[in-house]
Amino acid sequence: MRFSRIAAIVLRQYYLVRGSPSRILPMFVWVAIDIVLWGFITKYLTVISGTGFHFVPALLGAVLLWDFLTRVMQGITMAFFEDVWSRNFLNVFASPISVPEYLAGLVVTSICTSSLGLVMMVTVATFAFGLSFFAYGAMLAPFLFVLFLSGIALGILGTAIVLRLGPAAEWFVWPIPAVLSPFVGVFYPLSTLPKWMRMISRVLPPSYVFEGMRSVVAGHRVPAHTLATGFGLAVLAILLACWFFVRVYRYAVETGLIARYSAESVS
Amino acid sequence: MPSLHANVLSISNLCKSYGEMTAVDDVSFQVKPNEIVGLLGPNGAGKTTTINMVLGVLKPSSGAIAIQGVDISRQRSRALSNTNFAAVYAPLPGNLTVEQNLRVFGMIYAVAKLSHRVEELLRQFDLVRFRHTKCGVLSSGEQTRVCLAKAMLNRPQLLLLDEPTASLDPSTAREIRTNIRDFVASGTGGVLWTSHNMYEVQEVCDRVLFLSRGKILLEGNPNTLPQEYGKTSLEELFITVAREPLTLEQN
């Protein structure tokens, strides 16, 4: 892998973001709106429940963590869509850049953009609604790391779907986090779910993070094997997503889809 | 390591089929150092399919492609480091400026002393005044010059040009031809050039290959080939290839 090729993908995204309010604002505005909305909902629930349950770290923290995963995924897909929208595939894929270098470039881009979103979310949640990350203690880092890996896997999966099905397939990609959220128990314990949904939850790494987060908020310890399972599944998900992307890429090279990408199909 | 005197491009028995349809049928040819080879033929003859296979964005059904002796199917990245291309159907991203595009692609091609090289190309292709202009707002001729500047970034050993002067005025087209001839004369690179402008082909190319229905039909010097087949001009020969390829196959 050549560092300069990975850096080129990041630099391209930097140039695009730097001069474009329509790219900068979504990185901050949507996450801030989400935190504000859920911040007030948690405040209201705290008042009416009167149970002493910690809604702020349980609900607002969950929203923040889920938004982080979503931003990581979108960081990858957005950088990829720039090549789709500018019809740049031929220039990129007819160059010496390899698939791992290209994907690494998308991942580094996503780290940069999702970090900015995370800073904004944490700032609003802390100063406007008193969310303290000390509530999660030392578990915050592994929680974020597993979600980060899961976001990377979803991002790569999303790009592979669009590479295979054409530009219009981006509409399959945007709702992926929304489709997954009921299964991973962002807002409720997995025990709330029916059995068939719990079976799906077990293979989704974020499920382990949100279950762990609720344990911490309730004052319990998170079993090490729970996080280890989440981490292992997240790594597996990345490997599977990369395998899927490479398969789709090879199909695109075999059929000529890359050279005629705007046609969406070569049949 | 490839030999310094190896062919810049070697294509052997190249085939590409889509189901029953054969787009490229057992094509073999070479491009030597300091040589400009014209790949000619009517629309749908297989020129762009051949170029796409050389660029690694289309997998051949069979056959081999080597750039500077490096097999593209085995060492894609290394082979393409010595290659670059410009094509009318592959403009650079319109939402980046000329300089930004050259920097990004310079990094992808791992160009040494990139800032210096970008300045050199901006001057060479008369793009200095457009350095901060987004490519999307340039005229088609100016965009073609940016694409050619990008194609020269890594001083490629193999330069693929798919109708590079198609949208240029005659004066700019002549400058571009001069630039490309200078590029070939000054180094050890070779060029594979497609064009429908037969005057241009005669002026620039050392050798031409006529492709029809995926096969190489004729090969030779563009200045003597028409007479060899009883035609008065390269354009007349082209029209014959397009309309009556069988008469030439029989010859």
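Residues numbered from 1 in each chain as written. Chains lettered and ligands numbered in written order. Predicted model: local features only at pLDDT ≥ 70, side-chain atom pairs only at ≥ 80, totals over all residues. Heavy atoms only, no water.

1. A short note on the packing of aromatic side chains
Going through the model one piece at a time under the given rule, you end up with 15 aromatic pairs over all chains. Site record: aromatic cluster; members linked through ring pairs are Phe80, Phe81, Trp85, Phe89, Phe93, Tyr102, Trp174 and Tyr249 of chain A. (Phe/Tyr/Trp six-rings, centres within 6.5 Å; stacked < 30°, edge-to-face > 60°.)

2. Some points on the pairing of strand S2 (residues 21-31) of chain B
Residues and elements named next belong to chain B. Across 7 bridges, the pairing between strand S1 (residues 9-18) and S2 is antiparallel. Residue pairing for S2: leucine 14 is matched across the bridge by valine 27. Two successive antiparallel strands, S1 and S2, enclose a turn made up of 2 residues, where glycine 19 displays a positive phi of approximately 60 degrees. (Pairing = 2+ DSSP bridges. Helix = DSSP H or I, 4+ residues; strand = E, 2+ residues; numbered from the N terminus.)

3. As for the nonpolar core
One finds Phe80 of chain A together with Leu9 and Phe210 of chain B to be the most contacted residues of the largest nonpolar core, which totals 170 residues. Here this core gets 17 residues from one element, more than from any other, and that element is helix H3 (residues 55-85) of chain A. In this structure, leucine 9 of chain B is in contact with Phe29, Gln30, Val31, Val54, Ile65, Ala66, Ile67, Leu158 and Leu192 of chain B, ignoring residues within four places of it in sequence. (Core = buried A, V, L, I, M, F, W, Y, C linked by side-chain atoms within 4.5 Å. Buried < 20%, exposed > 50% of the residue type's maximum accessible area, 1.4 Å probe, protein only. Contact = heavy atoms within 4.5 Å.)

4. Details of the sheet that holds strand S9 (residues 207-212) of chain B
Residues and elements named next belong to chain B. Spatially, 6 strands are ordered S6-S7-S8-S3-S9-S10 in an open sheet, and the strand pairing comes out mixed. Every other strand in the sheet has two partners, leaving strand S6 (83-87) and strand S10 (215-220) as the edge strands with one partner each. The mean inter-strand angle of the sheet, taken between neighbouring strand axes irrespective of direction, is 20 degrees. Those strands touched by helix H5 (residues 140-152) are S6 and strand S7 (158-162), and its axis lies near 170 degrees from that of S6. Lying on the sheet, helix H6 (residues 170-186) is in contact with strand S3 (36-40), S7 and strand S8 (190-194); it crosses S8 at an angle near 150 degrees. (Axes fitted to C-alpha atoms, helices over the stretch in contact; angles between N-to-C directions.)

5. Quick look at the layout of surface pockets
Quantified by volume, the largest pocket comes out at close to 660 Å³. If you trace the largest pocket, you find 26 residues lining it, with Val253 of chain A together with Gly56, Ile72, Ser73 and Arg76 of chain B closest to the centre. When residues of the lining of the largest pocket are traced back to their parent elements, those giving at least two are helix H5 (99-129) and helix H11 (224-255) of chain A together with strand S4 (62-67) of chain B. A total of 6 residues in the lining of the largest pocket trace back to one element, the largest contributor, which is H11 of chain A. A class-by-class count of the residues in the lining of the largest pocket yields 14 nonpolar, 6 polar and 6 charged. If you add up the space inside the second largest pocket, you get close to 380 Å³. Lining the second largest pocket are 19 residues, with Ala153, Leu154, Leu157, Leu204 and Ala237 of chain A sitting closest to its centre. Among the secondary structure elements, those contributing two or more residues to the lining of the second largest pocket are helix H6 (140-165), helix H8 (176-184), helix H10 (205-217) and H11 of chain A. In terms of residues, the lining of the second largest pocket owes the most to one element, H11 of chain A, which gives 5 residues. (1 Å grid on protein atoms, 1.4 Å probe; cavity = no way out; pocket = protein on both sides within 12 Å on 5 of 7 lines; lining within 4 Å. Points joined across faces, edges and corners; volume = space filled by probe spheres on them. Nonpolar A, V, L, I, M, F, W, Y, C, P; charged D, E, K, R; others polar.)

6. Concerning unusual backbone geometry
With a phi angle near 55 degrees, aspartate 126 of chain B is a residue other than glycine that sits in the positive phi range. Looking at the secondary structure, you find aspartate 126 of chain B in the loop between helix H4 (114-124) and H5.

7. Comments concerning the interface of chain A and chain B
Interface size, as often reported, equals the accessible area lost upon joining of the parts. With 33 residues of chain A at the interface, the matching set in chain B holds 29 residues. For chain A, the biggest contributors to the area lost against chain B are Tyr15, Asn91 and Pro96 of chain A; these three give 23% of the whole. Linking chain A with chain B are 1 salt bridge. A salt bridge links lysine 59 of chain B to glutamate 254 of chain A, with the shortest nitrogen-to-oxygen separation between them at 3.7 Å. Going through the elements one at a time, helix H1 (3-18), helix H4 (89-93) and H11 of chain A are the ones with two or more residues in the side of chain A that touches chain B. The element best represented in the side of chain A that touches chain B is H1 of chain A, accounting for 9 residues. A class-by-class count of the residues in the side of chain A that touches chain B yields 16 nonpolar, 8 polar and 9 charged. (Buried area = accessible area lost by both parts, 1.4 Å probe. Salt bridge = Lys/Arg side-chain N within 4 Å of Asp/Glu carboxyl O.)

8. Let's talk about the pattern of salt bridges
Residues and elements named next belong to chain B. Inspection of the entire model under this criterion finds 19 salt bridges over all chains. For the salt bridge of arginine 131 with glutamate 99, the shortest nitrogen-to-oxygen distance reads 3.3 Å. Residue arginine 131 is found in the loop between H4 and H5, and its partner glutamate 99 is found in helix H3 (residues 98-108); the two are separated by 32 residues along the sequence. Here arginine 131 and glutamate 99 have matching classes, each one buried.

9. Notes on the confidence of the model for chain B
Detailed conclusions should not be drawn from predicted coordinates in areas where pLDDT is low. Per-residue pLDDT for chain B has a mean of 90; in total, 95% of the residues score no lower than 70. Reported confidence for the predicted complex is 0.89 by ipTM and 0.91 by pTM. (pLDDT = per-residue confidence, 0-100.)

10. Comments concerning the sheet that holds strand S5 (residues 70-71) of chain B
Residue and element names in this part refer to chain B. The sheet built from 4 strands is open, its strands ordered S2-S1-S4-S5 with antiparallel pairing. Where the open sheet ends on each side, the last strands, each with one partner, are S2 and S5. For S1 and S4, the ladder comprises 5 bridges, and the chain directions are antiparallel. Within S4, the position partnered with serine 12 by the bridge is alanine 64. Set on the sheet, helix H1 (residues 47-54) makes contact with S1, S2 and S4; between it and S1 the angle comes to about 115 degrees.

11. Considerations on empty space enclosed by the protein
Evaluation of the coordinates by the stated rule reveals 1 cavity of 30 Å³ or more. Quantified by volume, the largest cavity comes out at close to 50 Å³. Lining the largest cavity are Ala8, Ile9, Arg12, Asp83, Asn88, Val92 and Tyr102 of chain A together with Pro93, Leu96, Asn101, Val104 and Phe105 of chain B.

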